[in-house]
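# Residue-level structural notes
Here's the letter readout for the chains.
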Amino acid sequence: MGLQSVTLLILGLVSYSYASCPICGGVDQELDEQLRTVRDLAVNWLADQQNVDGSWPDVNTQNAILGLQLADQSWLAGQGLGERLLTKERLEYELMQYLLPWRSKRRRPLKDLELGGRRLGQYILALNASCISADDFYGLNLNSLMVRLLKQFPEENFNNYFQYSFAILSLCSSETNILKKALVRLARGFDASRPCVSQFGLGNSGHSIDTLSMQVMAMVCARGQAIDKNVPNWDSILSTRVQCIMDDQNDDGSFGNAITTALAIQALTAANASLTSWDCVDAVEFLLTQHTEGDFGGVGSTAQIIPILGCNNFGSLQNAAITCPLHSTTVTATPILPPIQPGDNSTTFQVKVVVNNETETYSVTILTGENLYYGMIRLADVNSDFTFETSDSAFGQSVDAINGVADDADNSLYWTIHIGQEGTYAPKGIEGLYPSEGEVYLFILTDFS
């Protein structure tokens, strides 16, 4: 196939609700039904891999959430309140493990942030897919942080165009302004004179097609900004990269292994590549043979593959019809708890409230099995010195104020929960934590500025 044979309808992102997900232009109804069946298997399999603490294996929490939401835009909203709370708070907890050591330093050079552009991009996309703002993540604008990281490319944890494309995808999906210099770098790639070359090699290298596919998805997603900023040769470079992917299709319809094939299909459908220039049906049929009961070779592999099973790609969040749980900021009525009677199984633990290095300590007794939220209610009932306020969110009760001291967004002060004398950051919220005898919980007004 020559370059002249490529026909692109670059109209922005292609996205569908799953009820009408015609793959390959809807030319094969049987293929659409097979896709739907495999999608359901893959969504169920990937969701079942979630651990009891809300995580997914091998540091794949953000990837699993993103993949599930792109495969089934109502997946998270369809979970129960407890499951949504667990998933959301685990995502935030894992991201905070990267951010807190860096934020605790007086000076914060980006080289000390153990979170490269690709992983931060994945977390931003997962937050967006979960209807959580990346502009104000506990007082930190993650999109602005990503813009700064792009200026540092390449560096130790952020040094190839697969990663760079994920970073661009996160910004355009957040509708964040991308600097022209960053877009020019994406278009130039590793070698400005040869748009189809990546650091990982030429020709039939799976890594090369993986990188080209991510670059195509990023270029389609960011096309509007690139055209507005007059980035030279954007559409011609995009067309060339699409052609390079199509030229690498094998006789069996694949572009390499299952991941490479899935990424290639995502890229070509994102760019609306003419179906007369590549064999979409054969590619999808090949992909649908690569799973075992929905497992495409592990959590990481499946998470990368399933977006196309929902007729989406890694740039689709900009337009995808994600179903968000209803968010409410109303204060809920405090539950009325039964009194603790003599002979009841009870648990006693400590609550410490830390503000400006001053600590108040309280002893709390609950019925065994009650959560920390109930413990706070019982403490407030018996000790007038302790007060607190919470508000409803889609993921449960959020602590807004303790002892009259409220979150202060203007000064980036927020209440955080820690466990034990060592102050380990709590992996869940007050409704997901169940105190044990003698345990210590700390509520700290934390400065995130």
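Counting starts from 1 at the beginning of each chain's written sequence and moves along it residue by residue. Thresholds applied to this predicted model are a pLDDT of at least 70 for local features of residues and 80 or more for the giving and counting of side-chain atom pairs; totals over whole chains, interfaces and linings are not thresholded and use all residues. With hydrogens and water excluded, all non-hydrogen atoms of the structure serve as input to the side-chain values.

In the nomenclature of an unreviewed UniProt entry, the chain corresponds to Gastric intrinsic factor from the organism Holothuria leucospilota. UniProt's Subcellular location (unreviewed entry) comment on the chain is quoted here verbatim: "Secreted". UniProt positions are given in the numbering used here, feature names are shortened, and annotations may be inferred rather than shown by experiment.

It is worth spelling out the side chain of Glu94 at this point. Counting through the fold element by element, Glu94 comes out in helix α3 (residues 81–103). Exposed residues in this analysis have more than 50% of their type's maximum accessible area, buried residues have under 20%, and partly exposed residues fall in between, with area computed by a 1.4 Å probe over protein chains only. A relative accessible area of 10% places Glu94 in the buried class. By the criterion applied in these results, polar contacts are pairs of N or O atoms within 3.5 Å in which, for protein atoms, one can donate a hydrogen and the other can accept it, and in which residues neighboring in sequence qualify only through two side-chain atoms. Of the polar contacts made by the side chain of Glu94, one reaches the side chain of Thr61; its length is 2.7 Å. We call two residues in contact when some of their heavy atoms are within 4.5 Å. Excluding residues within four positions of it along the chain, Glu94 makes contact with Ser55, Thr61, Gln62 and Tyr123. Helix numbering and strand numbering both begin at the N terminus, where a helix is a DSSP run of H or I of at least 4 residues and a strand a DSSP run of E of at least 2.

Pairing of aromatic rings covers Phe, Tyr and Trp, the last counted by its six-membered ring, and requires centre-to-centre distances within 6.5 Å; plane angles under 30 degrees mean stacked, over 60 mean edge-to-face, and any other angle means tilted. Scanning all chains against the criterion turns up 16 aromatic pairs. Measuring from ring centre to ring centre gives 5.3 Å for Phe166 and Phe314, while their planes differ by 55°; the resulting arrangement is tilted. One end of the pair, Phe166, is in helix α6 (residues 161–173); the other, Phe314, is in the loop between α13 (299–309) and β1 (346–355), with 148 residues separating them in the sequence. Classification of Phe314 by relative accessible area gives buried; the value is 4%. In this structure an aromatic cluster arises from ring pairing among Tyr362, Tyr373, Tyr374, Phe386 and Phe388.

So, on to the UniProt feature "binding site: cyanocob(III)alamin" (unreviewed entry) in the chain. Look at the UniProt record and you will see "binding site: cyanocob(III)alamin" (unreviewed entry) annotated at Asp210, Asn257 and Gln304. A compact arrangement is adopted by the annotated residues: their sequence extent is 95 residues, whereas the largest C-alpha distance between any two is 12.3 Å. In this structure, Asn257 sits in the loop between α10 (234–247) and α11 (258–270). From its side chain, Asn257 meets the backbone nitrogen of Thr260 in a polar contact 2.8 Å long. Within the element layout of this structure, Gln304 appears in helix α13. Not counting residues within four places of it along the chain, the set of residues in contact with Gln304 comprises Phe162, Ile259, Leu263, Gln266 and Phe314.

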